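Structural description and commentary
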Amino acid sequence: MSIVRIFIVLLALASPALAQDGAHDAAAAGEAARMFRAYVEGVAKKGERPDLTRPETTALLGRVFDVEALQALPPAKASDMSWLMDWVDAANATYKLFALYGSKPGAQPDLATLQRNMTDYGDQYAAAMNFVIRGMAREAVAGQLFMASLAPEQRTRIREEGFAGFRRSTAEFILTTVCAAIQGAGKSANARLVAAAIRDTREVWASFLLPQDRARVLEQLADLPRWAPDETARTDLAAFTAALRAVN
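Here the structure is a predicted model, which means the values were calculated and not measured.

It is worth spelling out the overall build of the chain at this point. Each helix and strand in the chain was counted, giving 13 helices and 0 strands. In the chain, the succession of α and β elements from N to C terminus is α-α-α-α-α-α-α-α-α-α-α-α-α. Buried positions account for 46% of the 248 residues belonging to the chain. In the chain, once contacts between residues fewer than 6 apart in sequence are set aside, the share between residues at least 24 apart is 76%.

Quick look at the side chain of Asn190 now. With respect to the helices and strands, the residue Asn190 is situated in helix α9 (residues 188–200). On the basis of relative accessible area, Asn190 is assigned to the buried category, the value being 10%. Side-chain polar atoms of Asn190 contact the side chain of Asp123, separated by 2.9 Å. Apart from residues lying up to four places away in sequence, Asn190 is in contact with Gly122, Asp123, Ala126, Ala181 and Ala185.

Moving on to the packing of helix α11 (residues 211–220) against helix α13 (residues 231–247). Orientation of α11 relative to α13, taken along the N-to-C sense of each, is 140°, at an axis distance of 10 Å. For the element pair α11 / α13, the angle class is oblique. Between α11 and α13 the crossing geometry is left-handed. Listed contacts from α13 to Arg214, Val217 and Leu218 of α11 are Phe240, Thr241, Leu244, Arg245 and Val247. Taken together, the residues of the contact of α11 with α13 sort by class into 5 nonpolar, 1 polar and 2 charged.

Conventions used here
- One numbering rule holds for all chains: residues counted from 1, following each sequence as written.
- Local features in this predicted model are restricted to residues whose pLDDT is 70 or higher, and side-chain atom pairs enter the listing and the counts only when it is 80 or higher, whereas totals over whole chains, interfaces and linings include all residues.
- Excluded from the side-chain calculations are hydrogens and water; all other atoms, namely the structure's heavy atoms, are used.
- Strands here are runs of E lasting at least two residues and helices are runs of H or I lasting at least four, both read from the DSSP assignment and numbered beginning at the N terminus.
- Three labels apply to residues, based on accessible area from a 1.4 Å probe with only protein chains included: buried if under 20% of the type maximum, exposed if over 50%, partly exposed otherwise in between.
- In this description, contact between two residues means that some pair of their heavy atoms is separated by no more than 4.5 Å.
- Between N or O atoms, a polar contact is any pair within 3.5 Å; within protein, one atom must be a potential hydrogen donor and the other a potential acceptor, and residues adjacent in sequence are included only when both atoms are from side chains.
- Fitted lines through C-alpha atoms serve as axes, helices being fitted only where they are in contact, and the angles separating the N-to-C directions of these axes extend from 0 to 180 degrees.
- Angular relationships are summarised with four words: roughly parallel below 35 degrees, roughly antiparallel beyond 145, roughly perpendicular across 65 to 115, and oblique for the angles in between.
- Crossing chirality is assigned from the near helix's rotation relative to the far helix, an anticlockwise turn below a right angle marking it left-handed and a clockwise turn marking it right-handed.
- Lys, Arg, Asp and Glu make up the charged group, whereas Ala, Val, Leu, Ile, Met, Phe, Trp, Tyr, Cys and Pro make up the nonpolar group; the residues left over, Gly among them, are polar.

Remember, this is a structural readout, not a statement about activity or role.
Okay, structure coming up:
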């Protein structure tokens, strides 16, 4: 797809008449994610590597990982869940396209491949994690509101187990993100960006994580002052763990 075509599509998706419309933002992010996938697949067929600094790819990623649009939305509601899930799913699928680029399908990525991608695409990965952390926090709030809105007969075992699974997987995601995006950050600015997202959403995670997961997160982050690469990032992570301890 040409640069002109990409910018025309993005301009249409960013219509100001639909400002602060979460469903519209999610749909725009989904379209940008599809366009980015097409770009990556085209590059792969040529045996090349994605260039995430090109104006058109930067614009696509900016639309998928649009933190400003997410934060401009009104407070979360139970009815937000459907489009929130679509948006966060699009963001997850998009960052994996470049974080795992070069890995064989169905195989565990080798460390050399991961390291190269984190070196080449570290800025984009940090931007993705900044968005996904905040998006998942909004999902957590909307999910709790949704579960609370259900009549007793609607709180089925499948729904209860699915929601508990979401809470458990969130803890795994946070730990993985801290290790990959903060501990392994090549730039202090990227570590600070991700740590700030965890700090800003700490009250959500403090109440949303299951008690055993809060304890496990605290245990695994106990020595964070030794390995966090940046003083500001360490301070923000300390604020996050303090919020978890306050609940425990």
